[in-house]
Amino acid sequence: MIRRPGPVDHQESVLAGPKSILWAHGGPDDGRKIQLDSELALIGRASSNDIIVDDAEVSRQHAGIRGDRNGHWIKDLGSRNGTFVNGELLEGEDKDSATTIE
């Protein structure tokens, strides 16, 4: 599970907007902070992802988070177990106002 706290750092990033930070909650990466500062971050088990999650329930290429000056959006990339945002199964792409992504 990855949790995103509220606004943390309002420095300008390469996205020309506020930076967001994901925090890993649970599992081997518990407490890990992941800064989102690129236009697209891929999440999954494969080593080619930007955010690698070492969990058997996570697909090799599970989800993607893209960002611009207007915020971040998350999209499931056809994962086997789905992506959950605030406890609800994500369908399509969602504006990332989430506090919890599973």
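Whatever comes next refers back to the structure up there.
Residues numbered from 1 in each chain as written. Predicted model: local features only at pLDDT ≥ 70, side-chain atom pairs only at ≥ 80, totals over all residues. Heavy atoms only, no water.

Caption draft 1: Looking closely at the overall build of the protein chain. Summing up its helical and strand segments, the protein chain has zero helices and twelve strands in all. Along the protein chain, helices and strands appear, N-terminal first, in the series β-β-β-β-β-β-β-β-β-β-β-β. Classification of the 102 residues of the protein chain by burial places 40% in the buried group. Total accessible area on the protein chain is roughly 6100 Å²; 46% of this is exposed by carbon and sulfur atoms. (Helix = DSSP H or I, 4+ residues; strand = E, 2+ residues; numbered from the N terminus. Buried < 20%, exposed > 50% of the residue type's maximum accessible area, 1.4 Å probe, protein only. Areas by Shrake-Rupley, 256 points an atom, 1.4 Å probe, with all protein chains shown as cover.)

Caption draft 2: Just the nonpolar core, in detail. Counting 14 residues, the largest nonpolar core has L22, L36, I51, I65 and I74 as the members making the most contacts within it. For this core, the secondary structure elements donating two or more residues are β4 (33-36), β5 (40-44) and β7 (63-68). What I65 contacts, discounting residues up to four positions off in sequence, is L22, L36, E39, L40, A41, I43, H72, W73, I74 and I101. (Core = buried A, V, L, I, M, F, W, Y, C linked by side-chain atoms within 4.5 Å. Contact = heavy atoms within 4.5 Å.)

Caption draft 3: Molecular detail of the environment of D68. Within the element layout of this structure, D68 appears in strand β7. Linking D68 and L40, residues 28 residues apart in sequence, is a C-alpha distance of 9.2 Å.

Caption draft 4: Just the packing of aromatic side chains, in detail. Under the counting rule described, the total for this entry stands at zero aromatic pairs. Its guanidinium or amino end placed over the ring of W73, R66 lies 4.8 Å from that ring's centre, counting from NZ or CZ. (Phe/Tyr/Trp six-rings, centres within 6.5 Å; stacked < 30°, edge-to-face > 60°. Lys NZ or Arg CZ within 6 Å of the ring centre and 35° of its normal.)

Caption draft 5: Seen up close, unusual backbone geometry. Non-glycine residue N86 carries a positive phi angle of around 50°. With respect to the helices and strands, the residue N86 is situated in the loop between β9 (84-85) and β10 (88-89). Taking relative accessible area as the criterion, N86 reaches 43% and is therefore assigned partly exposed.

Caption draft 6: Representation of the side chain of N49 within the structure. Relative to the elements of secondary structure, N49 occurs in the loop between β5 and β6 (51-52). Looking at N49, the relative accessible area reads 6%, which means it is buried. At 3.0 Å, the side chain of N49 and the backbone oxygen of A46 are in polar contact. Not counting the four nearest positions on each side in its chain, N49 is found in contact with L42, I43, G44, R60 and Q61. (Polar contact = N/O pair within 3.5 Å; in protein donor to acceptor, adjacent residues only side chain to side chain.)

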